[in-house]
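Per-entry structural report
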Amino acid sequence: MPEPLPTPELEPKDIEVLAYIHYNKFITTKLFHKKFHPHQSYKTAYLRLRGLEERGLVLKIQNLPNEDTYYYLSRPSLRRLSDLARILISTEVRSPHINPKEREHDRRLLELRIHLEADPSLEKILWLSDYEMRCGLRMSWKRALEEGRGWELAGTKLQRLNRRTPDGYFKAALEGIPRAFVLEYEHSPYNREQMASMVLNLNRDFPGALRLLVSRDKGQAVRLLEGLKTQLKGDPRQEDLWGFSFFQKAVSLPFVRVPWVNLTGDYLPFVK
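These figures come from a predicted structure and were not determined experimentally. (Residues numbered from 1 in each chain as written. Predicted model: local features only at pLDDT ≥ 70, side-chain atom pairs only at ≥ 80, totals over all residues. Heavy atoms only, no water.)

So, the packing of aromatic side chains
- Throughout the structure, instances matching the rule amount to eleven aromatic pairs.
- Considering the side-chain rings of Phe255 and Trp260, the 5.7 Å spacing of their centres and the 50° angle between planes classify their relative orientation as tilted.
- Overall, Trp260 belongs to the buried group, its relative accessible area being 2%.
- A network of ring pairs unites the aromatic residues Trp127, Phe170, Phe181, Phe255, Trp260 and Phe270 as a single cluster.
- The ring of Tyr23 carries Lys142 above its face, with NZ or CZ at 3.9 Å from the centroid. (Phe/Tyr/Trp six-rings, centres within 6.5 Å; stacked < 30°, edge-to-face > 60°. Buried < 20%, exposed > 50% of the residue type's maximum accessible area, 1.4 Å probe, protein only. Lys NZ or Arg CZ within 6 Å of the ring centre and 35° of its normal.)

Observations regarding the packing of helix 1 (residues 12–23) against helix 2 (residues 29–36)
- Close contact between helix 1 and helix 2 brings their axes to 12 Å; oriented N to C, the two are set at 130°. It follows that helix 1 is oblique to helix 2 by the angle criterion. The handedness of the crossing between helix 1 and helix 2 comes out as right-handed. Between helix 1 and helix 2, the contacting residues are Glu16, Val17 and Tyr20 on the first element and Phe32, Lys35 and Phe36 on the second.
- Of the residues that constitute the contact of helix 1 with helix 2, the class distribution is four nonpolar, no polar and two charged. (Axes fitted to C-alpha atoms, helices over the stretch in contact; angles between N-to-C directions. Helix = DSSP H or I, 4+ residues; strand = E, 2+ residues; numbered from the N terminus. Parallel < 35°, antiparallel > 145°, perpendicular 65-115°, else oblique. Left-handed = near helix turned anticlockwise from the far one by under 90°. Contact = heavy atoms within 4.5 Å. Nonpolar A, V, L, I, M, F, W, Y, C, P; charged D, E, K, R; others polar.)

Some remarks on the sheet that holds strand 6 (residues 177–186)
- Ordered by their spatial adjacency, five strands build an open sheet running 4-5-6-7-8, and the pairing between neighbours is mixed. With one partner strand each, in any of the chains shown, strand 4 (122–129) and strand 8 (242–246) form the two edges of the open sheet. Direction aside, the axes of adjacent strands within the sheet are offset by 25° on average.
- Judged from the seven bridges that link them, strand 5 (residues 168–174) and strand 6 form a sheet pairing that is antiparallel. Its bridge partner being in strand 6, Phe170 is matched across the sheet by Phe181. (Pairing = 2+ DSSP bridges.)

Describing the nonpolar core
- With 33 residues, the main nonpolar core has Tyr169, Leu228, Trp242 and Phe244 as its most contacted residues.
- Those elements giving two or more residues to this core turn out to be strand 4, helix 6 (130–135), helix 7 (139–146), strand 6, helix 8 (192–205), helix 9 (218–231) and strand 8.
- Those residues within four positions of Leu228 in sequence are excluded, and the remaining contacts are Met195, Met198, Val199, Leu213, Trp242, Phe244 and Leu263. (Core = buried A, V, L, I, M, F, W, Y, C linked by side-chain atoms within 4.5 Å.)

What follows is the structure, given as structure tokens:
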């Protein structure tokens, strides 16, 4: 019988960082720098991650010499955060699997998230990642964890969802008005079946949320818009529920400056 893994001690400054990495399944050195040390040097971010690794709190993976390193939580780290009521975990605790085929999609999605979270026009943002949704976490549970009320969830166990989830679901105040958003990042072009599945899922599980669809490039965004326009033709209620753009714009401009267009090609009302 294997010996139990040691329980690491966490400093208060570690808890937020480790919980954030867990929320997204992983983080890279460059994205860690952008999220947690944007006004400091890259070396500062690198050394902090190295410190977490040396203490056994994170593990890393790197396939190519020039590739950005991916860090994810170790099992002892997951257990400790759960003991502190900072995260919820399933009964079978294990470090997440990072699929090489999905890494670039997931990395860009995390870059989008970090950019949106830093945007001052999106106030009081609360985010539920695709990884958290697939694990079975609910928005109300996430809010309790973020507000330090995780002890209220004592005994709650996550059960993995088998249905499709969007790439992100978040709530924020935009121009002072509380809004709900779902985010889809289209790295590889969706086929007709994938589009239909996405529409069915969003209409069923997120009926009032604004759907933000970010494609890999402009041409792909136009193709997706035209494909969904055909599928949703004749339903005027859908017109302003969809916003289309592409990665280069969405990750470099303020949220209200991104050229979000609806199903008819007009800008959404909040675009300035």
